[in-house]
Amino acid sequence: MKARLCLHGVEIKHQAQLLGLVKKLLPQAGISYKVKEKYFPDNDMYKCRIARFQPKTRGAEAGYRALCSWGVLLVSDKLVNIADITLEFDSERPSVVASVERLVERLLAGKQRFVLDEPDLSRRIALLRGCYFLDKLEGYAEADALTALRCHVPWHLYSINKLWEQLLLSGGGQRPLWRQLRVKLRRLRSVLSLVKPLFPEADKWKETLKERADVLSNVREYDVLLQTCERLRMGQSRQEQASGLQQQGLAPVVQSTMLPVDAAVPQLQRLLAGLRQQAQVCTLQQLELNAITFELAQMHLALHRFAALPCEKGLREFFVQRLGKWATKIQQFPEVYPDLQDMEQLHRVRIKLKRFRYALQSVPELQASPQLLRSLKYLQDMLGLLHDDYVNGQYLEQLVAAHPELPELRYEVAMLRGYEQARADGAMEQLTAQWQEFARLLSEWIEELG
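Residues numbered from 1 in each chain as written. Predicted model: local features only at pLDDT ≥ 70, side-chain atom pairs only at ≥ 80, totals over all residues. Heavy atoms only, no water.

Draft legend 1. View of the overall build of the protein chain. For the protein chain, the count of helices and strands is 14 helices and six strands. Contacts in the protein chain between residues far apart in sequence, at least 24 positions, make up 74% of those at least 6 positions apart. Carbon and sulfur atoms make up 51% of the accessible area of the protein chain, which amounts to about 22,400 Å² in all. Where the 62 positive side-chain charges of the protein chain centre and where its 53 negative ones centre are 7 Å apart. (Helix = DSSP H or I, 4+ residues; strand = E, 2+ residues; numbered from the N terminus. Contact = heavy atoms within 4.5 Å. Areas by Shrake-Rupley, 256 points an atom, 1.4 Å probe, with all protein chains shown as cover. Lys, Arg positive; Asp, Glu negative; His and termini not counted. Charge placed at Lys NZ, Arg CZ, Asp CG, Glu CD.)

Next up, the structure:
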C-alpha cells in the first residue's frame, strides 16, 4: 500500500537547501524534475517545482522515493510557501518503513527545522480553509475500519505539529497557543483511545502525548489564574462605571451584586505573572521542534504500518461499537460516581466526558446532534469550573504561605477565592439539572445508533 509522509521546512530560504539535504542522504539516487500547478475556485491555487529522487538499489526496488517540492500556495488571498520533502513508500513492507524512519531521523538531525504537513497540496489547501473532508481522502473506505488509522488520525498530527512550530518560534509569547496545543493533544489522545483495538501502540503514544502536555501544564495553570484575576478586574471596572452613572442620575440605583470596588488584586497578578514567566522559560528550554516532529513522524509511520494489515470490520460498525460502549458506561456514572461533593470523583467524570466529546467530534460518520455536543460541552465546562476552584484554592494557599513578606497577598487571595467560590457554587446548583438534560439527549443518540 502506498503511503506518504511530508516534512515541511520551516524558514527555508531557497530550494537548494532542500535538494542539498536529500542529495546528501541519497547520493546515488536518480533525479527527475517536474512543474505542477492547479487552480481552484475562489482564486486558490498552487504551483511548485518537484525534484524526484529514486534510490538506486541492487535487485529489488528500494520501496520508497523522496520528492522535494518548492513553490507557493495561494489560499484565501494569502501566500503560503511550499518547502517540502515528501517520502513515498510501501507501508506493507516493514523493512521499507524502517528505512524511511531512519531517513526521517537523519533529516531531522540537522539545523533545518521541519514539521509534518499534508502531502497532497489540494488537501493542504482544504485543511487551511477548514474544509478538510475525511471521506475525500485517499485510502478512505467505508468497508475497512482501518480507514480510521489512514484518515481520522493523521490530520491531528499536522495540526499539533503546526501549533508546536508557532509556539516555539514565537518564544511562547502568544498565550492562546498554550491552551490550543493542550486541547489538541488531549483530542488526539481521545482519538487514539477510540482506535485502540486497531492500533496496538495506542497506549504508548498516548503516554508520549501526555508527557508533552504535562510539560505545558505549569504555564497553562498560571494563565488560568491570571485570567481569573483579569475577570475580577473587569468586574470592578464595570461596577465603577455603573456607580458613576448612578451618581449622575443616568442609571437606576439597584442593589449591587458586583464585587467590592477595591477587589482588584495587583500584587497577586504581579506575582503570578512573574512565576508564569519563569515557568515559560523553563518549559521552552525543554523543547526542540525537530525532536517533537520526529516523535510525531514515528507515530505517523506506525499508523501506516498497522493500517496496511487486513481487517474484516467496517468503519461505521467499528465506531458504533466503540462509542456506543462508551456512551453506555457514561449512563452509569450517577451510580459509579454518586458523591457530587467529591472533587476527585467529579474530575474523573470530567476526563471521561471530555474524551467522549473529543472522540465524537472526530467521527463525522456518526453525526452527533449539535444539541448533544452543546450539552456535553456545557456539562464539561461546569465540571471544569469546579475542578479549577478546588485546585486553585490549594495552590493559592501554598502561595500565601510561601510569601509572608507580602501581607496584602492574603487579602487579595481571599478576594479571588471568594469570586471563584461564587462561580463554583452556581455551577454546583445547576449540575444535577444539566446532567439530566445531557442523559436524555445521550439516550436518544444511543437509540439512533441502533
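So, next bit.
Draft legend 2. Region of the structure containing the layout of surface pockets. Looking at the largest pocket, its volume works out to about 1,700 Å³. Along its surface, the largest pocket is lined by 49 residues, and Arg182, Arg186, Arg350, Lys354 and Asp388 are the ones closest to its centre. Of all the secondary structure elements, the ones that give two or more residues to the lining of the largest pocket are α6 (175-194), α7 (202-247), α12 (343-361), α13 (370-402) and α14 (407-449). If one sorts the elements of the lining of the largest pocket by residue count, α7 sits on top with 14 residues. Considered as a void within the structure, the second largest pocket measures approximately 610 Å³ in volume. (1 Å grid on protein atoms, 1.4 Å probe; cavity = no way out; pocket = protein on both sides within 12 Å on 5 of 7 lines; lining within 4 Å. Points joined across faces, edges and corners; volume = space filled by probe spheres on them.)

Draft legend 3. Structural context of empty space enclosed by the protein. Tallied over the entire structure, the rule returns one cavity of 30 Å³ or more. There is about 50 Å³ of room inside the largest cavity. Every residue lining the largest cavity is listed: Ile160, Trp164, Leu185, Trp205, Thr208, Leu209, Arg212, Ile292, Glu295, Leu296 and Met299. Within the residue set of the lining of the largest cavity, elements represented by two or more residues are α5 (154-169), α7 and α9 (289-307). Grouping the constituent residues of the lining of the largest cavity by class yields eight nonpolar, one polar and two charged. (Nonpolar A, V, L, I, M, F, W, Y, C, P; charged D, E, K, R; others polar.)

Draft legend 4. Fine view of the side chain of Ser122. Locating Ser122 in the fold gives a position in helix α3 (residues 121-129). Setting aside chain neighbours within four positions, we find Ser122 in contact with Lys38, Phe40 and Tyr46.

Draft legend 5. Representation of a positive patch on the surface within the structure. Positive charge collects at one region of the surface, where Lys325, Lys329, Arg348 and Lys352 lie side by side. Counting only elements with at least two residues in the positive patch, the list comes to α10 (315-331) and α12. Among the structural elements, Lys329 can be located in helix α10. Since its relative accessible area comes to 46%, Lys329 is described here as partly exposed. (Patch = residues over 30% accessible without salt bridge, like charges linked within 9 Å, V, L, I, M, F, W, Y side chains within 5 Å. Salt bridge = Lys/Arg side-chain N within 4 Å of Asp/Glu carboxyl O. Buried < 20%, exposed > 50% of the residue type's maximum accessible area, 1.4 Å probe, protein only.)

Draft legend 6. Focus on unusual backbone geometry. Of note, Glu11 is a non-glycine position whose phi angle comes to about 60°, a positive value. Structurally, Glu11 can be placed in the loop between β1 (2-10) and α1 (15-25).

Draft legend 7. Molecular detail of the environment of Ala148. Tracing the backbone shows Ala148 in helix α4 (residues 147-152). Of the residues examined, Ala148 reaches a relative accessible area of 0% and is grouped as buried. With 44 residues separating them along the chain, Ala148 and Leu192 place their C-alpha atoms 9.9 Å apart. For Ala148, the contacting residues outside a window of four places in its chain are Val153, Val195, Leu198, Leu315 and Phe319.

Draft legend 8. Quick look at the environment of Asp84. If you trace the backbone, Asp84 turns up in strand β5 (residues 78-90). The sequence separation of Asp84 and Tyr419 amounts to 335 residues, and the corresponding C-alpha distance is 51 Å. With residues up to four places along the chain from it excluded, the contact list for Asp84 reads Cys6, Leu7, His8, Leu18, Leu67, Cys68, Ser69, Leu121 and Arg124. There is a polar contact of 2.7 Å between the side chain of Asp84 and the side chain of Arg124. (Polar contact = N/O pair within 3.5 Å; in protein donor to acceptor, adjacent residues only side chain to side chain.)

Draft legend 9. Representation of the pattern of salt bridges in the model. Here the structure, examined in full by the defined rule, presents 23 salt bridges. Among the ionic pairs, Glu420 bridges to Arg417, the shortest N-O distance being 3.8 Å. Pair noted here: Glu420 and Arg417 are both in helix α14, with a separation of three residues, about one helical turn. Of the residues examined, Glu420 reaches a relative accessible area of 5% and is grouped as buried. Owing to a relative accessible area of 22%, Arg417 belongs among the partly exposed residues under this scheme. Shared partners join several salt bridges into a network, and the residues in it are Lys2, Arg65 and Glu88.

Draft legend 10. Up close: the pairing of β1. Among the nine residues in β1, eight count as buried, and that is most of the element. In this structure, β1 lies alongside β5, joined through seven bridges in antiparallel fashion. Across the sheet, residue Leu5 finds its bridge partner in β5, namely Leu87. Where β1 and strand β6 (residues 113-117) come together, five bridges link them in antiparallel fashion. Bridging from a neighbouring strand, Leu7 pairs with Leu116 of β6. (Pairing = 2+ DSSP bridges.)

Draft legend 11. Geometry of the sheet that holds strand β4 (residues 64-75). Strand order across the open sheet formed by six strands is β2-β3-β4-β5-β1-β6, with antiparallel pairing between neighbours. Edge strands, defined here as strands with exactly one partner in the open sheet, are β2 (30-39) and β6. In this sheet, neighbouring strand axes are inclined to one another by 25° on average, regardless of whether the strands run parallel or antiparallel. Relative to β5, β4 runs antiparallel, the two being bridged by 12 bridges. Paired with Cys68 across the bridge in β5 is Ile85. (Axes fitted to C-alpha atoms, helices over the stretch in contact; angles between N-to-C directions.)

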